[in-house]
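Descriptive analysis of the structure
If you want the building blocks of each chain, they are given just below.
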Amino acid sequence: MSRESILKAVRANKPETLPLPDIDLSVFDEDINLIERFKENIEFVGGRLLELDGLATLDEEIKTLYPEAKKIVSCMKESALGTVPVSKETDPHTLEDIDLTIIKGNFAVAENGAVWVSEDDMVVRALPFITNDLILVVPKNAVNLHMHQIFDAISERERTFGTFISGPSKTADIEQCLVVGAHGAISLTVVLF
């Protein structure tokens, strides 16, 4: 079968477009402390929250949390800790032994402790998943109550890769034994400033 005949068959058999359901957003308690709810949920999924008053002490706090980190990628100009430079041309295979990665997060979700990270901020798509430890730095005013607010915000962006990250990587698929860092970072720290 040719490519064109496959595409023609797909187009001819597309399912009927259905309208999106109406979602009652009133179920969300608007009168909560977003930062506290985010902290509860990021800790619930195994992450850690660090609150700072600005970024002046960011590097000092990171060195305290990760004193053994040697191979560090910083994707933020606000952190001078980077020892491994990366660019869009960096081969991800060369990053297999990164100790720590520092990336700007765009939005945080109080509902579930997730952080939205765009491709532009992670520089190399593999970084949040290949690093041993991950730090996501998010402005306090970027914490939203629920995913619906974030979806509205990211729907306005240029369509590039992005991902939600919530807690360190973990799985209990094999013999129901929890393994942390199975297919991503072993630890996640979210810094709110």
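The following paragraphs examine the structure supplied in this document. The shown structure was predicted, so the numbers you read here are calculated from the model rather than taken from an experiment.

Cut-offs used in this document
- In this numbering scheme, every chain counts its residues from 1 along its sequence in written order.
- The predicted origin of the model limits local features to residues at a pLDDT of at least 70 and limits the giving and counting of side-chain atom pairs to 80 or more, whereas totals for whole chains, interfaces and linings rest on all residues.
- Note that the side-chain values use all heavy atoms of the structure and ignore hydrogens as well as water.
- Counting from the N terminus, the helices are the DSSP runs of H or I reaching at least four residues and the strands are the DSSP runs of E reaching at least two.
- Any two residues whose heavy atoms approach within 4.5 Å are treated as being in contact.
- For every accessible area listed, the method is Shrake-Rupley and the probe measures 1.4 Å; residues are considered covered only by the protein chains on display.
- Charge counting follows a simple rule: Lys and Arg are positive, Asp and Glu are negative, and His as well as the terminal groups are ignored.
- To locate a charge, take NZ of a lysine, CZ of an arginine, CG of an aspartate or CD of a glutamate.
- Here a salt bridge means any side-chain nitrogen of Lys or Arg lying within 4 Å of a carboxyl oxygen belonging to Asp or Glu.
- Here the term buried applies to any residue with accessible area under 20% of the maximum for its type, exposed to any over 50%, and partly exposed to those in between, with areas from a 1.4 Å probe on protein chains only.
- Under the rule applied, a polar contact is a pair of N or O atoms within 3.5 Å (in protein, one hydrogen donor and one hydrogen acceptor; residues adjacent in sequence only if both atoms are side-chain atoms).
- One bridge is not enough; two strands pair if DSSP finds at least two bridges between them.
- Only the contacting stretch of a helix is used when fitting its axis, a line to C-alpha atoms as for every element, and angles between N-to-C directions run 0 to 180 degrees.
- Centres within 6.5 Å are what make two rings of Phe, Tyr or Trp a pair, Trp counting through its six-membered ring; a difference in plane orientation under 30 degrees is then read as stacked, over 60 as edge-to-face, and the rest as tilted.
- To define a nonpolar core, start from buried Ala, Val, Leu, Ile, Met, Phe, Trp, Tyr and Cys residues and group those joined through side-chain atoms within 4.5 Å.

Moving on, we come to the overall build of the chain. Scanning the chain for helices and strands turns up six helices and eleven strands. Each of the three principal axes of the chain carries a C-alpha extent, and together these read 60 × 45 × 40 Å. Sequence-distant contacts, at least 24 apart, represent 71% of the contacts inside the chain between residues at least 6 apart. Accessible area of the chain: about 11800 Å², with a carbon and sulfur share of 53%. On the chain, the mean spot of the 18 positive side-chain charges and the mean spot of the 32 negative ones are 7 Å from each other.

It is worth spelling out unusual backbone geometry at this point. One non-glycine residue, valine 123, lies in positive phi territory at about 65°. Along the chain, valine 123 falls in the loop between α4 (119–122) and α5 (127–130).

Right, let's get into the pattern of salt bridges. Under the counting rule described, the total for this entry stands at seven salt bridges. Arginine 37 is paired through a salt bridge with glutamate 40; the nearest N and O atoms lie 3.9 Å apart. One end of the pair, arginine 37, and the other, glutamate 40, are both in helix α2 (residues 34–44), three residues apart, so they sit about a helical turn from each other. Overall, glutamate 40 belongs to the partly exposed group, its relative accessible area being 49%. Here glutamate 119 and arginine 125 are joined by a salt bridge, their closest N and O atoms 2.8 Å apart. When its relative accessible area of 43% is taken as the criterion, arginine 125 is described as partly exposed.

Looking at where threonine 64 falls in the secondary structure, it is placed in helix α3 (residues 58–65). A distance of 3.0 Å separates the side chain of threonine 64 from the backbone oxygen of glutamate 60, its partner in a polar contact.

Read from one edge to the other, the open sheet built from five strands follows the order β1-β11-β6-β3-β2, with strand pairing classed as parallel. A single partner strand is all that each edge strand has here, and the edge strands are β1 (48–51) and β2 (72–74). Put simply, the sheet's adjacent strands are angled 20° from each other on average, direction ignored. As paired elements, β1 and strand β11 (residues 187–192) share four bridges and run parallel to each other. In the strand pairing of β11, leucine 50 is matched with valine 191. Of the strands in this sheet, β1 and β11 are in contact with α2, which crosses β1 at around 145°. Packed onto the sheet, α3 meets β1, β3 (100–104), β6 (133–138) and β11 and runs at close to 145° relative to β1.

This part takes up the packing of aromatic side chains. Scanning all chains against the criterion turns up two aromatic pairs. An angle of 80° between the planes, with centres 5.9 Å apart, marks the rings of phenylalanine 151 and phenylalanine 164 as edge-to-face. Linking phenylalanine 151 in helix α6 (residues 147–154) with phenylalanine 164 in strand β8 (residues 162–165), this pair joins segments that are 13 residues apart in sequence. Here phenylalanine 164 falls in the partly exposed class, since its relative accessible area comes to 26%.

A few words now on the nonpolar core. With 27 residues, the main nonpolar core has Phe38, Ile103, Val115, Leu136, Val190 and Leu192 as its most contacted residues. Of all the secondary-structure elements, those providing two or more residues to this core are α2, β5 (114–118), β6 and β11. When residues no more than four places from it in sequence are discounted, the contact partners of phenylalanine 38 are Leu49, Ala108, Val109, Ala110, Gly113, Ala114, Val115, Val143, Val190 and Leu192. In terms of nonpolar packing, the next biggest core, distinct from the first, is built from 15 residues, Leu50, Leu52, Leu55 and Val191 among them.

Now for the sheet that holds β8. The four strands lie next to each other as β7-β4-β5-β8, forming an open sheet whose pairing is mixed. The sheet is open, and its two borders are formed by β7 (143–144) and β8, each paired with just one other strand. Pairing geometry for strand β4 (residues 107–109) and β7, over two bridges, is parallel. Paired with alanine 108 across the strands is valine 143, a residue of β7.

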